[in-house]
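Architecture and fold: a report
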Amino acid sequence: MQKKRIMKIVMYAFLAAFMFVVFFNGSEKEEGTTMEAAAPAQEIKGNQKERAEALAKKYAGTTVTMTVEGIAAGPSNAFGKVFEKATGVKIEVIELPYEETRSKPFTEHEARTGAVDVYRIVPSWVPDFAAAGIIQPMDDLVKKYIPQDAWDDMEKGRLIATMLYEGKVWAICVDGDIFILYYRADIFEDPQAMKQFKAKYGYDLAPPKSWEQYNEIGQFITDFTGGKVYGGAGNRAAGQGYFWFNQIFLGAGGKLFDPDTMKPLINGEIGRQTMQQLKDELKFGPPGMENWGTAELWSGFVDGKVAMQFSWPPSGRFAEAASGLANYPTWLPPTKVAGKIKYALLPGPFKGEGPPAAGIMGNAIWTLSSDSKNKEAAFAWIMWMNSPEMALKTSLYPNSLMDPYRYSQFDSPEYQAAWPNAKMYLETLREAGKYAIPPTKILGGTEFDEIVDRLITSVMGGQDIQSALDDAAKRMDAVVERLGRDRVKASYKALLELQDQIRQAY
Amino acid sequence: MSRPNNVISIAPELKGVGGIKTWARQHQGMLMVLPCLIVMLGVGIFPLIFSVGISLLRWEPKIPGRPFVGLANFRDILISAEYWTAMRTTAIIVVLGVTIEFFFGLGLALLLTEKIKGKRIFMAILMLPVMMVPVVVGYTWRILWHSAYGPINQIIGWFVGHRVTISWLTHTKTAFFALIVTEFWQWTPFMFLVLLAGLSSVNPELGEAAEIDGASKWQSFWRITIPVIRPVILVAVLIRTLEALKIFDIIFIMTGGGPGISTQSIAFYLYRTGARHFRMSHTAAGSLIFLIIVATIISFAVKQFQDKKGG
Amino acid sequence: MAADINYHQQRTGRLRKDVKLAVRYIILIAVVLFFLFPIFWITVTAIKQPGEYYNFPPVWWPKKPTLVHFKSVQTTGVGGYTALKNSFIITISSTAAVMVLGSIAAYAMARFKTGGDNLAFIIISQRMLPPIAIVFPLFLMMRMIRWVDTYQVMILIYTMFNLPFVIWMLRSYFVEIPVEVEESALVDGCSRLGAMFRVVMPMAMPGMIATAVFAYIFSWTEFLFAVIFSRTKVFTVPVAVSGYFGSEGQLWGEAAVMAVLSMVPVFIIGLAVQKHFARGLTLGSVKG
């Protein structure tokens, strides 16, 4: 008798919950139902920073909440206080581990909490976030408030690759991450080394123009220094290896899909050569490189054990421990290579000649939550940090992971004086924009990157390259199928258009 | 009348007397359990029903719409090779891990019930591994197992005479070994402490009486001590198994499920599909299938164990 | 003659005993070294200089130990000491709550067999559903009552999580205690609850302690719910420590400091409660 009663209660509860779930999910909250102040009657004046402050002052007393990755939160915390003093708008920073900067926006949005106004994410998540309705485009706000000259001050390659998608402005760039090569000039310019290299390979020892040259140089340096300095290193451990794959693959002209049929092309010739390259680098790389992540890579680099590496720009700054960028990171060994590093663009082709390639991997962008109850104040904060005046400050903040992305930063005398080779650093970063390759900025991007990551660990774990590539292709196809072939096709088309836009901008 | 040990009939002398106090007395068992039930079911029943509900939809924010799809999600899970690979991986780690942890824990507990100098320090130290936050455990052991920078390879190198660079975490078989050792390190203290507490409540005079009657120490242990702590053993193994089935952190940090997907646990798989890919319905269906499998196995095992207990 | 044989037997008997004792100690020391090694490693990491984390050969003891991380842990990331404070508040409260609720329920289930096996199974089945499936619906519930990012929600969730396991553990320890002790107390005029508090619990003290310690540990080390339900106010140690390991850097020193500080209270508790774990200490009252 007890059991029957319990059964009844459970059934009713089930029914109620089911109805609740259906109705709850059925009623969508429209985008943009936020409190918007009436458009200001008077004209908006001043540079971007001043405009941001003027806009924010209208909302003095309110709070803007943002999510950010913990280790990158320094500038947001520090300048948030400055912003509050200047405008009366409080900035609350939620610091999260990297993975949660992707899952928390999702949870907060699906529950329609409206608790967070600004999400700091990476460009490859934009299509997924846009499709899920987590973020909203900012075109109207941009048109209204951002002055043209400040907009044009942003380096075009990065602007297009990180901020635009399907013709709209979905994000504001605050970080100019791009992959370039960092190499030990002291070894490259050593007369003995140059002589021996030329004798062995027939061309001058200089930053490689192709991956074949990269391997030859790498092997040579490892031999030349008797294993004290390894020719080259990169990430292979699970989690970030796919950036390295993408850099080489896309740089050599590889395409993830056939644009018409959406058949994955990763297991084609370029994919095979890319995996082979990733494997070959282990030959002259440090022992245990299959385990290497960013921590090992940068530690090894500043410790003088690696002659060539490519990864994010902070590695160049940290290696210099420049006095203008004080407070050296607490987790890196003291740098032994200050003053010895020079910079170059990464090779594109595997062999022979061809344009260089600079992958925009990772990279921090600030987006506007679609549930934000404080839209304009949130945009004011984003705009303020993005402004040319603040961008320079944030990128010079100690241990800042925010890399230069504005022409004014590249040309800044203060930045150029930060260390002897800083000017070359900035020029290379600027030049890299011309050859920028957008990240996996397509619907399902996270899943495709994960498949590539898996591919790399499989091969590192012993699986043969072609079968691993074929498995990856099969998985990618399954994802395309699940998300809807036409939708992914359209998204991929949008990504290819971004690529063309970058080429045409220069 | 055969009545199971340690069960008391509730206040038989009050039968037939009225009033709320006596009603409370008669139902005191239920009343004592009620607060817990309210907390657990109150907070726990909605998520369960919610999961069942969305497992019947296709709820994936990257795809518009939330259509009703019946059992399609369950079908996807049942034919998913990745899901069952993860299930197998989880089963291997759990069975091997829990078994080894149990025997070692029991052995340690027995060791420490005797008079040993420095017992205090041993116990306090043995409690520490479980205290470490999983993230720290993961990253620490990741460095320990590191092929170039890890002390484990260094120590092995001392024994073998030359430098050793076994890449533990990037090859499947060694990764399994590393994961099980790490789990063992972290959780044997749990077994140890639970069993030690159980052994501490056992009356040594029972064992001594048997020994006077001629039984060996081994026999007294098996025939007398073990049956007394049997409920504690069951609980220790059960709880440890349930926790081990959810293994996530060390896999996430040490191998990322790799190489490929060979060390991916069920919890890691569900985390990926849920928190990374936002596939809510798929994750719900996967969780429910997991729940059904675990509940079936556990209830079967528990019944077996409890049947053996005499009345 | 017989005396000689007896003496010989005694001597070899004693020798065997000594060997056994020595073996026991060796095993114990080996075991302790194994369990201690990673703890030693992380403790040393807390005082290492930056750059001594990824070295060959690995650094076993820093050249110049430093305490700088103990300070920087508050200013980096979300604030280490704040996280510790939050964790303490949440963990101690939820452990107290779960022990109170759980011990009463466990007693009922041990002595009165309340609900029988079915209830016990329903209780433990709460722990069989993977947490990832529960997170979002719970978040919805808590959001409705505006409890996100509060202490209450964390305490409630951890209590709910630990109850099944606490009830099962305590039940098994209570069942071990023979009924006669309680019945004699009842005959002496004790109420049921009084018997529980004054007789059964002290006798099951080792079990109570073990259970409380593990409830504490589960609450302390839980990550998923802590990160989803906290924003800026109630983040706990696991959340803070996870944030130290990022995409472009790993703050080993700070993470190690947090790990070490987390272990201190448990270590002290471990030393303090050891006396309860001696065998048969609590059973003296059963005589006669």
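**Some details on the overall build of chain A**
Tallying secondary structure elements over chain A gives 23 helices and 14 strands in all. Computed over C-alpha atoms, the radius of gyration of chain A comes to 24 Å, within 12% of the 23 Å expected from 2.2 N^0.38 for 506 residues, which places it in the range of a compact globule. Across its three principal axes, chain A shows a C-alpha extent of roughly 85 × 65 × 45 Å. Counting the 506 residues in chain A, one finds 58% classified as buried. A sequence separation of at least 24 residues applies to 77% of the contacts in chain A between residues at least 6 apart.

**Comments concerning the overall build of chain B**
Along its length, chain B carries 13 helices and zero strands. Counting helices and strands in the order they occur from the N terminus, chain B gives α-α-α-α-α-α-α-α-α-α-α-α-α. Relative to its full complement of 311 residues, chain B shows a buried share of 50%. Once local pairs closer than 6 in sequence are excluded, the contacts in chain B between residues at least 24 apart make up 65%.

**Some thoughts on the domain arrangement of chain A**
Residues and elements named next belong to chain A. When its domains are assigned, chain A resolves into domain 1 (48-173 + 365-400) and domain 2 (178-361 + 428-506). Placing the centre of domain 1 and that of domain 2 at their C-alpha centroids yields a distance of 29 Å. Contacts between the two partners involve 20 residues from domain 1 and, on the opposite side, 27 residues from domain 2. In terms of residue count, helix α8 (residues 156-163) provides more of the side of domain 1 that touches domain 2 than any other element does, six residues in total. Partitioned by chemical class, the residues of the side of domain 1 that touches domain 2 number eleven nonpolar, four polar and five charged.

**Here's the deal with the interface of chain B and chain C**
Chain B puts 87 residues into the contact, and the matching count from chain C is 92 residues. In terms of residue count, helix α2 (residues 28-55) of chain B provides more of the side of chain B that touches chain C than any other element does, 16 residues in total. Along the lines of polarity and charge, the residues of the side of chain B that touches chain C split into 66 nonpolar, 18 polar and three charged.

**Remarks on the packing of α2 of chain B against helix α6 (residues 151-176) of chain C**
Two elements in contact, α2 of chain B and α6 of chain C, have axes whose closest approach is 10 Å; the angle formed by their N-to-C orientations is 120°. Considering their axes alone, α2 of chain B and α6 of chain C lie oblique with respect to each other. Crossing of α2 of chain B against α6 of chain C: the hand is left-handed. Each of Cys36, Val39, Met40, Val43 and Gly44 of chain B in α2 of chain B lies in contact with α6 of chain C, whose residues at this interface are Leu156, Thr159, Met160, Leu163 and Ile167 of chain C. Looking at the contact of α2 of chain B with α6 of chain C residue by residue, the classes come out as eight nonpolar, two polar and no charged.

**Structural notes on the interface of chain B and chain A**
In this assembly, 30 residues from chain B lie in contact with 32 residues from chain A. Of all the secondary-structure elements, those providing two or more residues to the side of chain B that touches chain A are α2 and α12 (266-276) of chain B. The element best represented in the side of chain B that touches chain A is α2 of chain B, accounting for six residues. Of the residues contributing to the side of chain B that touches chain A, the split by class is 14 nonpolar, 13 polar and three charged.

**Digging into the nonpolar core**
Within the largest apolar cluster, 348 residues are counted, with the highest numbers of intra-cluster contacts made by Ile180, Ala358 and Trp381 of chain A. Apart from residues no more than four positions distant in its own chain, Ala358 of chain A is found in contact with Ile178, Phe179, Ile180, Leu345, Leu346, Ala432, Tyr435, Ala436 and Ile437 of chain A.

**Quick look at the environment of Ile382 of chain A**
All names here are of chain A. Considering the arrangement of structural elements, one finds Ile382 in helix α16 (residues 375-386). Linking Ile382 and Ile146, residues 236 residues apart in sequence, is a C-alpha distance of 11 Å. Here Ile382 is in contact with Val118, Ile172, Trp366 and Leu368, once residues within four sequence places are set aside.

**Let's talk about the pairing of strand β8 (residues 180-184) of chain A**
Residue and element names in this part refer to chain A. Of all five residues in β8, five are buried; the element is thus mostly enclosed. Inspection of the sheet shows β8 paired to strand β10 (residues 306-311) by four bridges, in the antiparallel sense. By the bridge assignment for β10, Ile180 is matched with Ser311. With four bridges joining them, β8 and strand β11 (residues 341-344) adopt antiparallel strand pairing. Within the sheet, the bridge partner assigned to Leu181 lies in β11 and is Ala344.

**Here we look at the sheet that holds strand β9 (residues 230-233) of chain A**
All names here are of chain A. Strand order in this open sheet of four strands is β9-β10-β8-β11, and the pairing throughout is mixed. Unpaired on one side and paired on the other, β9 and β11 mark the two borders of the sheet. Recorded for the sheet is a direction-independent mean angle of 20° between the axes of neighbouring strands. Pairing of β9 with β10 involves three bridges; the strand directions are parallel. Counted as the bridge partner of Gly232 is Met308 from β10. Docked against the sheet, helix α14 (residues 294-302) engages β9 and β10, running at close to 140° with respect to β10.

**Points about unusual backbone geometry**
Residue and element names in this part refer to chain A. The phi dihedral of Glu166 falls on the positive side, at around 50°, and the residue is not glycine. Within the secondary structure, Glu166 sits in the loop between β5 (164-165) and β6 (168-169). Given 16 C-beta atoms within 10 Å, Glu166 falls into the partly exposed group.

**So, helix α21 (residues 445-460) of chain A**
Over its 16 residues, α21 of chain A runs 23 Å from end to end, which matches the ideal 22 Å to within 8%, given 1.5 Å per residue. Just beyond α21 of chain A, the residue with positive phi is Gly462 of chain A, at close to 120°.

**Structural notes on the confidence of the model for chain A**
On average, chain A scores 89 in pLDDT, and the residues at 70 or more come to 90%. Overall, residues 21-42 of chain A carries pLDDT values under 50, and its contacts beyond four positions in sequence, including any with other chains, amount to 18 contacts.

**Quick look at the packing of α21 of chain A against helix α22 (residues 465-483) of chain A**
When two helices pack together, their arrangement is captured by the angle between the axes and the distance separating the axes. All names here are of chain A. Where α21 meets α22, the closest approach of the two axes is 9 Å, and the angle between their N-to-C directions is 160°. Relative to α22, the element α21 is oriented roughly antiparallel. For the pair α21 and α22, the crossing hand works out as right-handed. Judged by residue contacts, Glu447, Phe448, Ile451, Val452, Leu455, Ser458 and Val459 of α21 engage Ile465, Ala468, Leu469, Ala472, Arg475, Met476 and Val479 from α22. The residue makeup of the contact of α21 with α22, split by class, is eleven nonpolar, one polar and two charged.

**As for helix α3 (residues 80-111) of chain C**
For an α-helix, the turn length of 3.6 residues means that residues three or four places apart are oriented alike. In this model α3 of chain C runs 45 Å from its N-terminal to its C-terminal C-alpha over 32 residues, within 8% of the 46 Å that 1.5 Å per residue would give. A positive phi of about 50° marks Lys113 of chain C, the residue just after α3 of chain C.

The rules behind the values
- Residues numbered from 1 in each chain as written.
- Chains lettered and ligands numbered in written order.
- Predicted model: local features only at pLDDT ≥ 70, side-chain atom pairs only at ≥ 80, totals over all residues.
- Helix = DSSP H or I, 4+ residues; strand = E, 2+ residues; numbered from the N terminus.
- Rg over C-alpha atoms; globule rule 2.2 N^0.38 Å.
- Buried ≥ 20, exposed ≤ 12 C-beta atoms within 10 Å, placed from the backbone.
- Contact = placed C-beta atoms within 7 Å.
- Domains from an automatic or database assignment.
- Nonpolar A, V, L, I, M, F, W, Y, C, P; charged D, E, K, R; others polar.
- Axes fitted to C-alpha atoms, helices over the stretch in contact; angles between N-to-C directions.
- Parallel < 35°, antiparallel > 145°, perpendicular 65-115°, else oblique.
- Left-handed = near helix turned anticlockwise from the far one by under 90°.
- Core = buried A, V, L, I, M, F, W, Y, C linked by C-beta atoms within 7 Å.
- Pairing = 2+ DSSP bridges.
- Expected span 1.5 Å × (residues − 1).
- pLDDT = per-residue confidence, 0-100.

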